[in-house]
Amino acid sequence: MKNRTLFFGDNLEILRKKIPSESFDLIYLDPPFNSSRDYNVLFKEGLQDSPAQVHAFEDSWHWSRESKHTFDHLVTKTNDNIAKLMLALEKILGHNDVLAYLVMMTVRLIELHRVLKKTGSLYLHCDPTASHYLKIVLDVVFGKKNFRNEIIWHYRRWTAKAKKFQRLHDIIFFYSKSDNYIWNQPYIPYTEGSLKRKEHTLHRFKGEEKYLVKKTKEEGVPENDVWQIPFIPPSAKERLGYPTQKPEALLEKIIKASSNEGDWILDPFCGCGTTVAVAEKLKRKWVGVDITSLAINLIKYRLRNRLGIGKKQIYTDGLPTDLSGAKELFKKDPFEFEYWALDLVNAIPSQSKSRDKMRGADKGIDGVIYFHKNMANGNGNGNRNGKGKWEYGKAIVQVKGGSVQRSQIATLKGDVEREKAEAGIFITLEEPTKPMTSEAVNAGSFSTPLTGKIEFPRIQIITVKELLRGKIPNLPQGLVENYYKEAEAIDIEENQTNKIDLKF
Ligand SMILES: C[S@@+](CC[C@H](N)C(=O)[O-])C[C@H]1O[C@@H](n2cnc3c(N)ncnc32)[C@H](O)[C@@H]1O
């Protein structure tokens, strides 16, 4: 296994096919489970007989044919304890979303237990909707004696008034694989009160003063299992606009306590890569898995932009590397194909499925590429060293996997005008027709104050085949730092209405 590996795909399949036993020192997982849905709705009996469709921002667990199949596998093909557990849960819950979730989690936790080293630990992040059931599952998979902590992550946020106490915490279960597990005792500073009491004690035992003062300053008290860590504030540098992004401070505590430099860390539901980014910073080796290429792209951006780790230093597995792979991905999941293609041109996805839903709009734009256009109030045309504010230009990107025709180029031209963009990039899996090419050529060209006389084609058609050979859009210099600017702005808006950070 290679350090810095990002797997694109379903973690169950990847764990089973690609991860050898006893590979990891630490596993952190934060599976999707949308607890904001009404508790009763969640527990309602439901027989949705469709294959589980898993998307990044959706509550993805429904009782389906696949859950039934996995349930039967757990009952008949694992061990007696797991079988008993599954049958008991079925009796208590019936066939609903919660049972589907527990079935999907159990089969994955069995694999995660397998790939953990004997000295390793697992942290499972969840919320109170299903945590009580998950603890039973973990007790059976890891053994009750290997339960170490139920960590409460306490945060503050605005919540709507309800006839109950505000819910302001998540739960993180900490299990080890054996008694002999890696542990670096974390300390938190003494409170002022206990420092004062200590001073008093020092006063009374003058002889030991030096030793006690040193101890007080360096260690503090051993960390407890209630962690007060704020949500990522809207203005924070680490914020990427991924709805379920967890704070780096949370992962830092876990990684420092349960691993050492050079150790192997796995996050099988890695989202926008909080675990892998912190692991990288703390000099650990890491592997991340996510089922959406949006997450994989975002992680690559995060590592490149925030930590200076280039795309070439990251090993990506599961994404197409040739034309037939691209065709296969399009057939399997057109949305994932779109995210993948957008990443090839370093575009930010502007109309992801989730955002469509959130904004209720579909302007038919798949992605945007920003570039430097001008330096306003600076010291002259095109002087990059001058003071002043950058003005950005943008190219809007359309991705097409199916058949293509001339009218789509005309539509893109219209979109460019409406969006006041400088350019339009049309990415296609199929070869463009001649009328399409001439429509694009007839759209003319543009230049910017920075590029002066250099002209760039206003509409560009690029085939996936060309992209795979390394062709890139012909645009003024790109703006890597700002690729996710738009996503961040949207997220801040949402954050202000949904969750207000009150900070500790
Ligand atoms: C709650 S988010 C994780 C957020 C992450 N902790 C972070 O800080 O960004 C859950 C992630 O699991 C991914 N996911 C869902 N089902 C998956 C599966 N079967 N295999 C791999 N990833 C999956 C989703 O795409 C989503 O990005």
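Details of the structure are given in the entry above.
Since the structure is predicted, the reported quantities are computational estimates derived from the model, not experimental observations.

### Focus: the sheet that holds strand β13 (residues 367-376)
At step 1: Across the sheet, 5 strands lie side by side as β12-β13-β14-β15-β18; this open sheet has mixed pairing. Bordering the open sheet on either side are β12 (348-349) and β18 (459-463), each of which pairs with just one other strand.
At step 2: Of the strand pairs in this sheet, strand β15 (residues 423-428) and β18 are connected by 5 bridges, and their pairing is parallel. Across the sheet, residue F426 finds its bridge partner in β18, namely I461.
At step 3: Lying on the sheet, helix α15 (residues 406-418) is in contact with β14 (389-400), β15 and β18; it crosses β15 at an angle near 145°.

### Description of the sheet that holds strand β10 (residues 285-290)
At step 1: A sheet is described by the order of its strands in space; here 9 strands give the open sequence β8-β4-β5-β3-β2-β9-β10-β1-β11, paired in mixed fashion. The sheet terminates laterally at β8 (226-228) and β11 (315-317), the two strands that pair on one side only. Each adjacent strand pair in this sheet contributes to an overall mean axis angle of 15°, direction not counted.
At step 2: Pairing of strand β1 (residues 5-8) with β11, which is carried by 3 bridges, proceeds in the parallel orientation. Bridge pairing in β11 places F7 opposite D317.
At step 3: With respect to the sheet, helix α9 (residues 248-258) is in contact with β2 (24-29), β3 (116-126), β4 (147-154), β8 and β9 (264-267), its orientation differing from that of β2 by roughly 155°.
At step 4: Helix α11 (residues 293-307) contacts β1, β10 and β11 of the sheet and is inclined by roughly 160° relative to β1.

### Digging into the pairing of β15
At step 1: With 6 of 6 residues buried, β15 lies mostly within the body of the structure.
At step 2: Here β15 shows a buried face lined by A423, I425 and I427 and a second buried face lined by G424, F426 and T428.
At step 3: Judged from the 6 bridges that link them, β14 and β15 form a sheet pairing that is parallel. Along β15, the bridge assignment pairs I396 with G424.
At step 4: A crossover connection joins β14 to the parallel β15 through α15; in handedness this β-α-β unit is right-handed.

### Digging into the site of the ligand
At step 1: Taken together, 21 residues are adjacent to the ligand, and N11, T244, F269, G271 and T274 come closest.
At step 2: By residue class, the composition of the shell around the ligand is 10 nonpolar, 7 polar and 4 charged.

### Structural notes on the environment of D30
At step 1: Along the polypeptide, D30 turns up in the loop between β2 and α2 (39-43).
At step 2: Residue D30 is classed as buried on the basis of its 23 C-beta neighbours within 10 Å.
At step 3: Linking D30 and L124, residues 94 residues apart in sequence, is a C-alpha distance of 6.3 Å.

### Looking at the packing of α15 against helix α16 (residues 434-442)
At step 1: Two elements in contact, α15 and α16, have axes whose closest approach is 8 Å; the angle formed by their N-to-C orientations is 20°. When the axes of α15 and α16 are compared, the pair comes out roughly parallel. Two packed elements cross with a definite hand, and for α15 against α16 that hand is right-handed. Across from R406, I409 and A410 in α15, the residues of α16 making contact are P435, M436, E439 and A440.
At step 2: Residue composition of the contact of α15 with α16, by class: 5 nonpolar, no polar and 2 charged.

### Examining α15
At step 1: For α15, which comprises 13 residues, the first-to-last C-alpha distance of 19 Å matches the rise-based estimate of 18 Å (1.5 Å per residue) to within 8%.
At step 2: Buried within α15 are the following residues: I409, L412 and V416. The buried side chains of α15 occupy one side of the element, clustering within an arc of 55° when seen end-on. Turned more than 90 degrees away from the buried face of α15, the exposed residues are S407, G414, E417 and R418.
At step 3: Contacts made by the buried residues of α15 are with β14, β15, α16 and β18.
At step 4: Of the residues one or two after α15, K420 is the one with positive phi, at around 50°.

### Thoughts on the nonpolar core
At step 1: Ranked by size, the top nonpolar core spans 115 residues in total, and within it L102 and V397 carry the most contacts.
At step 2: For this core, the element with the highest residue contribution is helix α5 (residues 97-115), accounting for 11 residues.
At step 3: Two domains each donate at least three residues to this core, and these are domain 1 (5-186 + 223-317) and domain 2 (323-498).
At step 4: Discounting chain neighbours no more than four positions away, the residues touching V397 are L342, V345, A347, D366, G367, V368, I369, I425 and I427.

### Re the packing of helix α1 (residues 11-18) against α5
At step 1: Axis separation between α1 and α5 bottoms out at 10 Å; the angle between their running directions is 35°. The crossing of α1 and α5 is left-handed. Contact residues: N11, L12, L15 and R16 in α1; V107, R108, E111, L112 and V115 in α5.
At step 2: Taken together, the residues of the contact of α1 with α5 sort by class into 5 nonpolar, 1 polar and 3 charged.

### Quick word on helix α10 (residues 274-281)
At step 1: Among the 8 residues in α10, 7 count as buried, and that is most of the element.
At step 2: Here α10 has its buried residues at T274, T275, V276, A277, V278, A279 and E280.
At step 3: Buried residues along α10 sit against β2, α9, β9, β10 and α11.
At step 4: Looking one or two residues beyond α10, the residue adopting positive phi is K283, at roughly 65°.

Reading the values: rules and limits
Residues numbered from 1 in each chain as written. Predicted model: local features only at pLDDT ≥ 70, side-chain atom pairs only at ≥ 80, totals over all residues. Pairing = 2+ DSSP bridges. Helix = DSSP H or I, 4+ residues; strand = E, 2+ residues; numbered from the N terminus. Contact = placed C-beta atoms within 7 Å. Axes fitted to C-alpha atoms, helices over the stretch in contact; angles between N-to-C directions. Buried ≥ 20, exposed ≤ 12 C-beta atoms within 10 Å, placed from the backbone. Right-handed = clockwise from strand over helix to strand, strands pointing away. Near = placed C-beta within 6 Å. Nonpolar A, V, L, I, M, F, W, Y, C, P; charged D, E, K, R; others polar. Parallel < 35°, antiparallel > 145°, perpendicular 65-115°, else oblique. Left-handed = near helix turned anticlockwise from the far one by under 90°. Expected span 1.5 Å × (residues − 1). Arc of directions from axis to C-beta. Core = buried A, V, L, I, M, F, W, Y, C linked by C-beta atoms within 7 Å. Domains from an automatic or database assignment.

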